[in-house]
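# Structural features, examined
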Amino acid sequence: MPAAVPAVSTRSLTVAVIGNPNTGKSTIFTALTGMHSLIGNYPGVTVEKKIGNFRHQQQDVRLVDLPGTYSLSPRSLDEMVSVEVLLGRQAEVGRIDAVICIADASNLERNLYLVSQVLDLGLPTVLILNMWDVAQSRGITIDVEKLSQTLGIPVIPCEAHRHRQIDAVKDAVLSVAGKAGVESPRVFPAVFYEEGKQLGSQLQEWGEPDVPFYVTERLLLDVGGQIESSFAARFSTRLTEALAAARERLKASGFRVPAAEAKARYAWSRQVLTGIMVVPQQQQVTSSDHLDRWLTHKVFGLAAFVLIMFVVFQSISTLAAPVMQLCEAGQQIVGDWVSSLMSPGPFRSLLVDGVIGGVGGILVFLPQICFLFFFIALLEDCGYMARAAFLMDKLMTKVGLSGKSFVPLMSSFACAIPGIMATRTIENRRDRMVTILVAPLMSCSARFPVYTLMIAAFFPDMAWAGGWITLRGVLIFVMTFFGAFVAIPVAWLLKKTMFRGETPPFVMELPSYKWPSVHIVLLRVYESARAFVIRAGTLIFATSILIWAASYFPGDHTELNRLQEQVDETKVSLNTEISEKAELEKQKSKLSEKGSAPELAAIEQKLAAVESKLEPLEALITTKNAMSEHLLETSYLGRFGKTIEPAVKPLGWDWRIGVGVLASFPAREVIVSTLGTIYSLGGDVDEADSGLQNALRESKWPDNRPVYSIPVAISIMVFFALCAQCVSTLMVIRRETNSWGWPLFTFTYMTVLAYIGAFLAYRLFAFLL
Amino acid sequence: MHTLNDLRQAGQRGLIVDVTGDDAVSVRLMEMGLTEGADIELIGFAPLGDPAEFRIRGYRLSLRKAEASRVTIELL
């Protein structure tokens, strides 16, 4: 136990915030500190480190938010972080001057379990009874004064979502911080404390002085717990034997570890609350109970679930799509603007293709992340997320996961990045890891350009059932669910091998429904967006630059730059003709819908005249594109593509497709523009470009066989369905798992899977067709 | 001996006798308040039959049948 030091007002105080999940802990944290908090990771674990500041009565206070937990008995390294922080043994946080413990006033009996453990730490403590209004609406009365006396700490009823009593909390924190710590309530029989003392002196004998009381307590109580494991490395079997003997002695005197702890703490909780808390005899049926009956109903519950999911994901795609297009258009405008300012050269290419392209590639994901997190935060804050997990659990257990994995995986259909970020709600590490590792197999929106291009170029436009079912539509549908289908055995296999262990329990609190707090929801959106841009963004950006450099160097671009300048100049001089052509084409497409033959013919005549004027420009562009194809072919990337051609040949690919796949490492959809560059169309093509579709169909092997066929198209689609060609996803996995190993593993297993899948698909369809 | 799985109708109640096993799952169940003498009530089942929802110590808790089978109760 750290010695109590008198408060020095010149020093900033460090205060830890702890509490059960669903107690409104983050609401209180933001109410105390405001928007600005420092977010990071503790070294070696996946726990988020969140630190905020406030100043009250000329005293600076640093607030450390600890993850929500039901108990302080660490069973894993992740859970160990909170204990280390509270004991002042976490180097990055330092000594703790006080603890704010947050409890749900409407559920105090269970919340006091954690409170009793926090009191055992012996730190100056303040207890907040949050959701005071909920407790009152249920007819629960709590004598705050008496509770404060019994526990020997300040107790403050609070309604954080209405910002009530926040100053009282600050006052209370300052009144206790740095003062003497609280007395342990000593919930166990005397014989236990005797054993604790003995263990302490034993450890001192072994050269481990000043072991805090809480640590000896946990060593005795947690059979095979994390603290024991961390000590075991130093004391080998000595400690294990001593602990086993001590537990045996405790058992003989009627204190059976581990069951005795919960029994003793809950008995204490009951005893403390006797005469302090009065719960109405007749359970009041609240509106939350009524709502819950419908939302977990056999028929209506499932229907409501499907409806809510549909609305959420539909609105994500409809709301995010225009903003994403705006991002892309903005990127185009900025790129064009920079191009117009500079003469062609490596620096302009770096800026436009590398920097602006790289930043655009990051920003384009932001709308989806923001919208998804908006809905996730909304559903979580109002209490529905726990119900979604409750409803879907049975289904998810079939693949060895739990209901909590459903929403992150479902989100990954839009984009794996917010999906992976959403796995933070899964507390079991194994489940969370498996969910993270299979999330990139869900078909994200970046795969659509690839599917659309291949399907439009190589599959006939067949339709059945009066146009309701089309071959292309069916193929898109099949490709969309192909990844999810493959994810089932992958998840199962991961659970059977790398993440083996007993099925984690599904012991989940179903919190009462409440109105979501706008502030908290928006804060969650802001935090996830910021985390993505700052921490994943920089790496995505660096990779984009790297791929740009590999495709740009070492070729001599002077000739290409000269051609580009000519193109630019010609474009300026033919500006009127270009806009005239665009205008005529617009009219033409309008007319061809209505179908007035003579008018159409007139327009076409005009169009032909304009086009003939534009012919020199077209010729220049063709030469330029041929030049850029040649440069790409001789670039490092192109040379590498040629080197690996033997490796991709079994998949039915030539070096061009190989280069396309390599260059699309930063993002899958890049393959479309890379293929555009390779097939001399320039990079500005999209998946609906008929020129690119034709170029693909006409592409030949040296012996004049066509490169592309239906089996090759399928092989490419299968590859992109299963591969991990998305730097952003890999960087987010790195961020969330706090290690380079997992993104590397994900990339390797998915690439192997994609290769095998593409190979089998190619062979199978080459045999069938 | 009855377990939590013997509660079949919403509103049926029991008194907890014990949680069998000393592993992490049992400890977790006890930490959540499933200790000797606690009153527990079945609220209902998820649409697919599992997990079930209970009321204990004034809050709602969801448990799978696999975990519920560890909890021995006395029917009320």
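Computed from a predicted model, the values in this text were never measured in an experiment.

### Things to note about unusual backbone geometry
- The amide bond that connects Val257(A) to the next residue, Pro258(A), takes the cis arrangement and shows omega of 5°.
- Along the chain, Pro258(A) turns up in the loop between helix 9 (226–252) and helix 10 (259–273).
- Residue Asp50(B) is joined to Pro51(B) through a cis peptide bond whose omega torsion reads -5°.
- Position of Pro51(B) among the secondary structure elements: in the loop between strand 3 (39–45) and strand 4 (52–56).
- Backbone geometry places Asn22(A), a non-glycine residue, at a positive phi of 60°.
- For Asn22(A), the location among the structural elements is in the loop between strand 1 (13–19) and helix 1 (25–33).
- Under the relative-accessibility criterion, Asn22(A) is labelled partly exposed at 37%.
- Phi is positive for Arg57(B), close to 50°, though the residue is something other than glycine.
- Summarising the element assignment, Arg57(B) is placed in the loop between strand 4 and strand 5 (59–63).

### Describing the interface of chain A and chain B
- At the junction of the two partners, chain A supplies 44 residues and chain B supplies 33 residues.
- A buried area of about 3400 Å², summed over both sides, lies between chain A and chain B, and 55% of it is on carbon and sulfur atoms.
- Its largest share of buried area at the contact with chain B, chain A owes to Arg75(A), Phe390(A) and Val507(A), together 17% of the area lost on that side.
- At the boundary of chain A with chain B, the tally comes to seven salt bridges.
- Summed over the shared surface of chain A and chain B, the result is 14 residue pairs in polar contact (both at pLDDT 80 or more).

### So, the packing of aromatic side chains
Residue and element names in this part refer to chain A.
- According to the stated counting rule, one finds 18 aromatic pairs over all chains in the structure shown.
- Considering the side-chain rings of Trp 206 and Phe 235, the 5.5 Å spacing of their centres and the 40° angle between planes classify their relative orientation as tilted. Of this pair, Trp 206 sits in the loop between helix 7 (190–205) and helix 8 (213–221) while Phe 235 is found in helix 9, placing the two residues 29 residues apart along the sequence.
- On the basis of an interplanar angle of 35° and a centroid distance of 5.6 Å, the ring pair of Phe 499 and Trp 742 is categorised as tilted.

### Examining a nonpolar patch on the surface
- A cluster of nonpolar side chains, Met462(A), Trp464(A), Trp468(A), Ile469(A), Val474(A), Phe477(A), Val478(A) and Phe481(A), forms an exposed patch at the surface whose accessible area comes to about 870 Å².
- Ranked by residue count, the leading element in the nonpolar patch is helix 20 (residues 471–496) of chain A, at four residues.

What counts, and at which threshold
- Residues numbered from 1 in each chain as written.
- Chains lettered and ligands numbered in written order.
- Predicted model: local features only at pLDDT ≥ 70, side-chain atom pairs only at ≥ 80, totals over all residues.
- Heavy atoms only, no water.
- Helix = DSSP H or I, 4+ residues; strand = E, 2+ residues; numbered from the N terminus.
- Buried < 20%, exposed > 50% of the residue type's maximum accessible area, 1.4 Å probe, protein only.
- Contact = heavy atoms within 4.5 Å.
- Buried area = accessible area lost by both parts, 1.4 Å probe.
- Salt bridge = Lys/Arg side-chain N within 4 Å of Asp/Glu carboxyl O.
- Polar contact = N/O pair within 3.5 Å; in protein donor to acceptor, adjacent residues only side chain to side chain.
- Phe/Tyr/Trp six-rings, centres within 6.5 Å; stacked < 30°, edge-to-face > 60°.
- Patch = residues over 30% accessible without salt bridge, like charges linked within 9 Å, V, L, I, M, F, W, Y side chains within 5 Å.
- Areas by Shrake-Rupley, 256 points an atom, 1.4 Å probe, with all protein chains shown as cover.

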